Amino acid sequence: MSNCAIVGINWGDEGKGRMVDLICADYDVVVRYQGGGNAGHTVINEYGKFALHLLPSGIFHKDVVSVIGNGVAVDPENLIKEIEYVREKGIKLTPDNFKVSSRASLLLPWHKELDCLEEQRLADKKYGSTKQGIAPFYSDKYQKKTVLAGEILDEKAFFEHLIPIMEWKNLTLEKVYGAEPTTVEQLKQWYNDYCLKLLPYIGDLEYFFDNAKDFDKDVLFEAQLGALRDIDFGIHPYTTSSSTIAAYAPIGAGLPSLKLDKIIGVVKAYSTCVGEGPFTSEWFGEEAEKLREAGGEFGAKTGRPRRVGAFDVVATRYGVRMQGATEIALTKMDVLSYMDEIPVCTKYKVGDRITEKFPFPSLLPQAQPITENLPGWKTDISGVRRFEDLPKEAQDYVLYIEKQIGCFIKYISVGPERESIIIR
Ligand code: GDP
């Protein structure tokens with residue numbers, strides 16, 4: 001059995017979805033192992049353009065089994081809607097090619113509402129949540145105040161477990177936020193409309209993976225967001241609420257004893273960041289506007305304009321280390337083709353210190369970027385398929401970044417389509 005994780009090195013939106021879509025044909029199983037429907041993977045292939053939120057990007061390959069692991073926040077409503085959305089576009093999902101771990105916890109009807117209420121309460125101090133209920137979900141998961149997907153099977157036991165949790169949560173809704181409580185009728189409706197429809201796909205994945213090992217199946221792990229949004233190693237508190245790190249993949253997938261063979265870190269050729277929090281190499285004004293337009297930098301889930309800036313060597317080197325990346329996919333190189341010179345952030349100034357180390361989160365807001373300009377190539381490179389055919393300046397840009405971040409850049413993507421890729 002060989003396996004590989006595809007993970008984000010930066011703040012998310014690096015183009016992981018297109019990389020999974022590209023290489024998953026070489027794997028038998030593709031697993032989402034953390035996060036929830038709060039980010040979007042954009043995939044463009046022969047079926048059209050898709051924004052996937054919960055479904056693994058492997059669903060487009062008919063011989064691949066797509067799996068949602070126990071580490072994922074499974075929102076039955078969003079998942080069923082997403083299954084219907086891809087079905088309408090001709091994708092076949094059956095219990096044979098799509099599975100949800102019985103040990104995945106369910107995102108409950110009040111989690112999204114609590115997310116919105118808390119962001120409203122925080123007002124200008126908000127975390128920039130996508131309001132998909134992810135933070136309330138994970139905090140409840142670790143308080144053991146959710147139910148597992150496998151519990152849907154037994155309706156009576158499901159409600160015996162869930163109703164006391166609802167009563168507990170109503171205290172918060174009513175007494176803390178002055179909001180409407182959830183009713184048992186609403187919960188039953190939610191169960192009938194969404195949970196029951198998930199039932200055919202739910203299974204004990206620990207055994208599925210044991211079999212996969214015995215039958216020498218190859219497994220690809222698909223992450224959401226990036227290292228800088230990791231709950232432990234990210235830019236606290238502007239992180240997500242789960243572990244985005246490759247080392248968590250075997251646990252969140254249901255194969256806790258597995259050692260990863262390969263870790264592909266996905267990095268954009270410039271920086272982008274959705275939501276709040278320190279973003280040292282950020283650009284503003286016209287310069288930012290141009291890059292945002294060139295790269296189509298608007299969130300797949302929210303449509304929010306992404307914050308953009310120069311490639312950040314300091315943050316990326318840190319991300320590569322945290323992920324333990326064995327190779328890199330550098331995406332969106334084509335977007336930089338309009339620039340005469342390409343600024344790259346190589347160091348930070350924190351107080352009166354110059355540093356190449358990614359600072360402790362509470363020091364990040366004071367960090368100032370130190371940039372170098374590299375020559376641009378000013379040629380459309382979207383049709384290039386071999387490294388040698390890239391303009392010299394573009395080759396040098398790749399080699400410069402590779403040296404700075406200390407990891408081999410194996411893939412360079414020059415367009416969003418599956419085939420727009422250079423493999424070294
Ligand atoms: P993910 O969450 O990491 O999968 O990233 P997103 O899907 O949120 O964002 C990546 C965006 O960039 C998507 O709109 C992709 O279609 C697009 N994209 C990916 N690779 C390339 C590329 O090489 N060039 C261009 N122009 N767009 C790309």
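Residues numbered from 1 in each chain as written. Predicted model: local features only at pLDDT ≥ 70, side-chain atom pairs only at ≥ 80, totals over all residues. Heavy atoms only, no water.

Thoughts on the overall build of the chain
Then, in step 1: Within the chain, the regular secondary structure consists of 11 helices and 18 strands.
Then, in step 2: Its C-alpha radius of gyration of 22 Å places the chain within 12% of the 22 Å reference for a compact globule of 424 residues.
Then, in step 3: Residue burial in the chain is summarised as follows: out of 424 residues, 57% are buried.
Then, in step 4: Nonlocal contacts in the chain, meaning residues at least 24 apart in sequence, comprise 76% of its contacts between residues at least 6 apart.
Then, in step 5: With an accessible surface of roughly 17,700 Å², the chain has 51% of that area assigned to carbon and sulfur atoms.
Then, in step 6: Seen as two clouds, the 51 positive and the 61 negative side-chain charges of the chain have centres 2 Å apart. (Helix = DSSP H or I, 4+ residues; strand = E, 2+ residues; numbered from the N terminus. Rg over C-alpha atoms; globule rule 2.2 N^0.38 Å. Buried < 20%, exposed > 50% of the residue type's maximum accessible area, 1.4 Å probe, protein only. Contact = heavy atoms within 4.5 Å. Areas by Shrake-Rupley, 256 points an atom, 1.4 Å probe, with all protein chains shown as cover. Lys, Arg positive; Asp, Glu negative; His and termini not counted. Charge placed at Lys NZ, Arg CZ, Asp CG, Glu CD.)

Details of the pattern of salt bridges
Then, in step 1: In total, this model carries 20 salt bridges according to the counting rule given.
Then, in step 2: Taking the shortest distance from any N to any O, the salt bridge between Arg306 and Asp13 comes out at 3.2 Å. With a gap of 293 residues between them, Arg306 in the loop between helix H9 (285-295) and strand E11 (307-309) and Asp13 in the loop between strand E1 (3-8) and helix H1 (16-23) connect regions that are remote in the sequence. Across the pair, exposure class does not vary: Arg306 and Asp13 are buried alike.
Then, in step 3: Measuring nitrogen to oxygen at the nearest pair gives 3.0 Å for the salt bridge that ties Glu297 to Lys268. Here the residue Glu297 occupies a position in the loop between H9 and E11, and Lys268 occupies one in strand E9 (residues 262-268), the gap between them amounting to 29 residues. Both residues of the pair, Glu297 and Lys268, count as buried.
Then, in step 4: Salt bridges here are not isolated pairs; linked through shared partners, they connect Asp13, Lys268, Glu297, Arg306 and Lys332. (Salt bridge = Lys/Arg side-chain N within 4 Å of Asp/Glu carboxyl O.)

Focus on the sheet that holds E9
Then, in step 1: The sheet built from 10 strands is open, its strands ordered E7-E6-E5-E2-E8-E1-E9-E13-E17-E18 with mixed pairing. Whereas interior strands pair on both sides, the edge strands pair on one side only; in this sheet they are strand E7 (202-203) and strand E18 (421-423).
Then, in step 2: The sheet contact formed by E1 and E9 spans five bridges and is parallel. Bridging across to E9, Ala5 finds its partner in Ile263. (Pairing = 2+ DSSP bridges.)

Examining the domain arrangement of the chain
Then, in step 1: Along its sequence, the chain is carved into domain 1 (3-102 + 202-264), domain 2 (109-198) and domain 3 (267-423).
Then, in step 2: Counting residues at the interface gives 40 residues for domain 1, matched by 39 residues for domain 3.
Then, in step 3: Looking at the side of domain 1 facing domain 3, the largest losses of area belong to Ile9, Trp11 and Arg18, adding up to 22% of the total buried there.
Then, in step 4: Where domain 1 packs against domain 3, one counts three salt bridges.
Then, in step 5: When the shortest N-O distance is used, the salt bridge between Asp21 and Arg418 registers 2.9 Å.
Then, in step 6: Summed over the shared surface of domain 1 and domain 3, the result is 17 residue pairs in polar contact (both at pLDDT 80 or more).
Then, in step 7: Those elements giving two or more residues to the side of domain 1 that touches domain 3 turn out to be E1, H1, strand E3 (41-45) and E9.
Then, in step 8: Element by element, the count of residues in the side of domain 1 that touches domain 3 is highest for H1, at five residues.
Then, in step 9: For the side of domain 1 that touches domain 3, the class distribution of residues is 18 nonpolar, 15 polar and seven charged. (Domains from an automatic or database assignment. Buried area = accessible area lost by both parts, 1.4 Å probe. Polar contact = N/O pair within 3.5 Å; in protein donor to acceptor, adjacent residues only side chain to side chain. Nonpolar A, V, L, I, M, F, W, Y, C, P; charged D, E, K, R; others polar.)

Brief notes about the pairing of strand E5 (residues 65-68)
Then, in step 1: Of the two faces of E5, the one lined by Val65 and Val67 and the one lined by Ser66 and Ile68 are each fully buried.
Then, in step 2: Relative to E5, strand E2 (residues 29-32) is paired through four bridges, and the arrangement is parallel. In the sheet register, Val31 faces E5, and the bridge partner there is Val67.
Then, in step 3: Direction of pairing for E5 relative to strand E6 (residues 98-101): parallel, over a ladder of three bridges. Looking at the pairing, Val67 lines up with Lys99 of E6.
Then, in step 4: The β-α-β motif built from E5, the intervening helix H2 (residues 76-88) and the parallel element E6 has right-handed crossover chirality. (Right-handed = clockwise from strand over helix to strand, strands pointing away.)

Some points on the side chain of Arg32
Then, in step 1: Along the chain, the position of Arg32 falls in strand E2.
Then, in step 2: For Arg32, which is buried and forms no salt bridge, the nearest opposite charge comes from Glu222, at a distance of 5.5 Å.
Then, in step 3: Setting aside residues up to four positions removed in sequence, Arg32 forms contacts with His53, Leu54, Leu55, Pro56, Val67, Ile68, Gly69, Val72, Glu222 and Gln224.

Things to note about the site of the ligand
Then, in step 1: Near the ligand lie 17 residues; those nearest to it are Lys16, Gly17, His41, Thr42 and Ser413.
Then, in step 2: One nitrogen or oxygen atom from the main chain of Glu14 is found 3.1 Å from an oxygen atom belonging to the ligand.
Then, in step 3: The separation between an oxygen atom of the ligand and a polar side-chain atom of Ser413 is 2.4 Å.
Then, in step 4: Relative to its free-state accessible area of 590 Å², the ligand is covered by the protein chains to the extent of 92%.
Then, in step 5: Elements supplying a minimum of two residues to the shell around the ligand: H1 and E3. (Near = heavy atom within 4 Å.)

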